[in-house]
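# Observations on the three-dimensional arrangement
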Amino acid sequence: MKGGMKRKRSQPDETMDIVWQTPANPPHRQDYIFRDGVRYVRPYYFEFISHAKNRWAGKTIVDLFTDEFKGRPRDYYVSAVKTGRIQVDGQKVPISYVVQPSQKISHFLHRHEPPVMAMDIQILHTEPDVVTVYKPATTPVHPCGQYRKNTVVGILEAEHDLAPLFPIHRLDRLVSGLLIIARSASKADIFRQQIESGEVKKQYIARVTGVFPEDEQVADVNVNYNAREGRSTVERLVQVENGPTEKNSVKGKAACTKFTRVSTNGTESIVLCEPITGRTHQIRVHLQYLGHPIANDSLYLSESVPSRSLEGLGADRAAANSGLAPKVMHCEINESGSADEPAEDFNIDPMCTNCPDLPPKGYDVHEAALWLHCIRYSGPDWTYECPYPKWASLSFGGDKIVDYRGG
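Let us look at the structure shown here. Everything quoted here is computed from the prediction, not taken from an experiment.

Further remarks concern the packing of helix H1 (residues 61–68) against helix H2 (residues 74–82). At their nearest, the axes of H1 and H2 sit 9 Å apart, and the two run at 140° to each other. By the angle between their directions, the pair H1 and H2 is classed as oblique. Seen from above, H1 lies across H2 with right-handed handedness. Packed against H1, whose contacting residues are Ile61, Val62, Asp63, Phe65 and Thr66, the element H2 presents Arg74, Tyr77, Val78 and Val81 at the interface.

Time to look at the sheet that holds strand E6 (residues 104–111). Ordered by their spatial adjacency, three strands build an open sheet running E4-E6-E5, and the pairing between neighbours is antiparallel. Single-partner strands in this sheet number two, and they are strand E4 (44–51) and strand E5 (86–88). The sheet shows a mean angle of 20° between the axes of neighbouring strands, taken without regard to direction. Pairing of E5 with E6, which is carried by three bridges, proceeds in the antiparallel orientation. Residue pairing across strands places Ile86 opposite His107, the latter belonging to E6. Along the sheet, H1 makes contact with E5 and E6, crossing E6 at roughly 60°. Strands E5 and E6 of the sheet are contacted by H2, whose axis makes an angle of about 110° with E6.

In this section: H2. In an α-helix there are 3.6 residues to a turn, and that puts residues three or four apart on one side. Considered for burial, the residues of H2 that qualify are Tyr76, Tyr77, Val78, Ala80 and Val81. Contacts made by the buried residues of H2 are with H1, E5 and E6.

Cut-offs and rules
Residues numbered from 1 in each chain as written. Predicted model: local features only at pLDDT ≥ 70, side-chain atom pairs only at ≥ 80, totals over all residues. Heavy atoms only, no water. Axes fitted to C-alpha atoms, helices over the stretch in contact; angles between N-to-C directions. Helix = DSSP H or I, 4+ residues; strand = E, 2+ residues; numbered from the N terminus. Parallel < 35°, antiparallel > 145°, perpendicular 65-115°, else oblique. Left-handed = near helix turned anticlockwise from the far one by under 90°. Contact = heavy atoms within 4.5 Å. Pairing = 2+ DSSP bridges. Buried < 20%, exposed > 50% of the residue type's maximum accessible area, 1.4 Å probe, protein only.

Right, here's the structure in full:
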């Protein structure tokens, strides 16, 4: 086939020449594969390390993995233990081995990272101890869950040789915009102290449903994040018949966000969002609370979400929860998309539950960006800004979005 290579099928473990990576191994430019506007990571071998929790003690090694890590079938874990892909304290053990507290447990995997949109991470501003970037949507800030190399920190190290890096604030994976990164731990501590003391003003722009009120709106309601559900709820007041107003059972943490309408076209509105606190999904759930959720936010457009969105789920768990069969991406990958260029290839691991697909199971390779974007952070003697995204530059009722800085 022109420009292509047959995919390589690895041999069983006894004859495989495997180089296992750990978090100490930095990402490299050649680790990435680009296709159809999507950035993939070439699958690689990785050692996941954990230490046995007290509740794990007394279980066999196979029962432990079957009970705690449900993304793979029991037969896989039996084979992994037998072949040494799962080890205890650096040693192979029998499938009947009983785990003890605090033991080091290693799981050697053929790791497939979820894909992200293939957008460059634009460096906006550099100082000796600070760098600010335009974070693209769908790319997480730092290694978490299934993501390691396909992160802002990983890509900056691989493509710009920037390390170590210390992000001083968080942006959800689907959110784009300004990300401030310290070049040293001491500088990061200075930023974090200013944020915790309330000296930092944060501004975001969102595109929401409906005609947002012209006057400033303040959502001052507690937010509770449910990690299992992957979404936040607010504490509402309910009126008890013939009784006083009572709060519902959701406790949550104190949260406050100010909102100012920038423009509207009668169907949707562009809104300036100024979070006073920093709770998970705070802006998104506060906009839902006000009756104007982000216009493409599938997680908060409806009060009732039947099941957790796939955002943030591990690959195998996402596939299991969705019941959807993964799309097959064969191992002949052409970076440029041109038939005249050589195809990029990767080894198929005989034990891998994701091979021969390039992305892990259950992840959408064409995930959309959320219409929420960080535009500005301001401190006692500093201000960093980010350009507006295209979706916020649309013409609304004849008026284009203006650079609103507030008072």
